[in-house]
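Architecture at a glance
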Amino acid sequence: MKSLFEKMGGTYRQEGDYLIPNLALPDEPEYQIGKYGRMRRSYLKEHRPVLYANLLTSGTLHWHLVEIDQACNERMEIIVPAMAKQEGVTETLKAADQMEWVRRMNSIRSRAEEIVLTELVYE
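All of these numbers come straight from a predicted model, not from anything done at the bench. (Residues numbered from 1 in each chain as written. Predicted model: local features only at pLDDT ≥ 70, side-chain atom pairs only at ≥ 80, totals over all residues. Heavy atoms only, no water.)

Some thoughts on the environment of Leu 44
Spelled out, the test is: Under the DSSP-based scheme used, a helix requires at least four consecutive residues in state H or I and a strand at least two consecutive residues in state E, with every element numbered from the N terminus. Under the scheme applied here, a residue whose accessible area is under 20% of the maximum for its type counts as buried, over 50% as exposed, and between as partly exposed, the area being computed with a 1.4 Å probe on protein chains only. Should any heavy atoms of two residues lie within 4.5 Å, those residues are counted as being in contact.
Within the secondary structure, Leu 44 is located in helix H2 (residues 35-47). Overall, the relative accessible area of 0% leaves Leu 44 in the buried class. Through-space distance from the C-alpha of Leu 44 to that of Thr 11 is 33 Å; in sequence the pair is 33 residues apart. Discounting chain neighbours no more than four positions away, the residues touching Leu 44 are Pro 49, Leu 51, Tyr 52, Leu 55, Leu 61 and His 64.

Put into structure tokens, the structure is as follows:
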């Protein structure tokens, strides 16, 4: 009688007295998961354990984290310049008062990151 694993095309190898299934992990991309991908993984582990387990066991967790990380970075690249333009934070201000420019840009980045985290990471 064949096991379900064998019916699905799985094979075994002999290790001493035991039969060990021949399993292989799917190929993962070379992409290094960044800040937002790691934050998403932590969020899934703590607050969405079933989804985390499903992504992990299906072999799609890494791809999911890569997509989230890339989407967050792209959104930040769009939101920060748009907010800076809307609030009048320009190169002229940077030349005239660097500390004010830094303060405003830090504020813009913080607000943009909060938007990105709410929309993509903690959904």
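Structure's up, so let's keep going.
Considerations on the pattern of salt bridges
We apply this condition: Every case where a carboxyl oxygen of Asp or Glu lies within 4 Å of a side-chain nitrogen of Lys or Arg is listed as a salt bridge.
Applying the stated criterion to the full structure yields six salt bridges. Glu 113 is paired through a salt bridge with Lys 35; the nearest N and O atoms lie 2.6 Å apart. Of the two residues, Glu 113 is situated in helix H6 (residues 98-121) and Lys 35 in helix H2; the sequence distance between them amounts to 78 residues. Residue Lys 35 is classed as partly exposed on the basis of its relative accessible area of 40%.

A short note on the nonpolar core
We apply this condition: Definition used in this section: a nonpolar core is a set of buried Ala, Val, Leu, Ile, Met, Phe, Trp, Tyr and Cys residues joined via side-chain atoms within 4.5 Å.
Counting 18 residues, the largest nonpolar core has Cys 72, Val 89, Met 105 and Ile 108 as its most contacted members. The set of elements that each furnish at least two residues to this core consists of helix H4 (61-86) and H6. For this core, the leading source of residues is H6, giving eight residues. Grouped together as the second largest cluster of nonpolar side chains are eight residues, Tyr 43, Leu 44, Leu 55 and Val 66 included.

A look at the environment of Thr 92
Residue placement: Thr 92 occurs in helix H5 (residues 91-96). Here Thr 92 falls in the exposed class, since its relative accessible area comes to 61%. Sequence separation of Thr 92 and Glu 6 is 86 residues, and the distance between their C-alpha atoms is 70 Å.

Looking at the packing of H2 against helix H3 (residues 49-58)
Under the convention used in this document: An axis is simply a line fitted to the C-alpha atoms; with a helix, the fit covers only the stretch in contact. Between two such axes, the angle follows the N-to-C directions and lies from 0 to 180 degrees. Should an angle lie under 35 degrees it is considered roughly parallel, over 145 roughly antiparallel, and from 65 to 115 roughly perpendicular; all remaining angles are considered oblique. Here the nonpolar group is Ala, Val, Leu, Ile, Met, Phe, Trp, Tyr, Cys and Pro; Asp, Glu, Lys and Arg are the charged ones; every other residue, Gly included, is treated as polar.
Following both chains from N to C, one finds H2 and H3 inclined at 120°, their axes separated by 5 Å at the closest point. Our classification of the angle between H2 and H3 gives oblique. Touching Arg 40, Arg 41, Leu 44, Lys 45 and His 47 of H2 are Pro 49, Leu 51, Tyr 52 and Leu 55, all from H3. Taken together, the residues of the contact of H2 with H3 break down into five nonpolar, one polar and three charged.

A look at the side chain of His 64
This is how it is decided: Counting of polar contacts relies on pairs of N or O atoms within 3.5 Å, with two restrictions inside protein: one atom must be capable of donating a hydrogen and the other of accepting it, and residues adjacent in sequence are counted only when both atoms are side-chain atoms.
If you trace the backbone, His 64 turns up in helix H4. Separated by 3.1 Å, the side chains of His 64 and Arg 40 make a polar contact.

Remarks on the pairing of strand S2 (residues 18-21)
Quick note on the threshold: In this scheme, strands are said to pair when DSSP sees at least two bridges between them.
The pairing of strand S1 (residues 12-15) with S2 spans four bridges and is classified as antiparallel. Its bridge partner lying in S2, Arg 13 is registered against Ile 20.

Quick word on the packing of H2 against H6
Short version of the rule: Less than a right angle of anticlockwise turn of the near helix away from the far helix marks a crossing as left-handed, whereas a clockwise turn marks it as right-handed.
The N-to-C vectors of H2 and H6 enclose an angle of 50°; their axes lie 11 Å apart at closest approach. Between H2 and H6, the angle falls in the class oblique. Here H2 and H6 pass one another in a crossing that is right-handed. Residue-level contacts link Lys 35, Tyr 36, Met 39, Arg 40 and Tyr 43 of H2 to Glu 113, Leu 117, Leu 120 and Val 121 of H6. Among the residues forming the contact of H2 with H6, the class breakdown is six nonpolar, no polar and three charged.

Read these as spatial facts, not as claims about activity.
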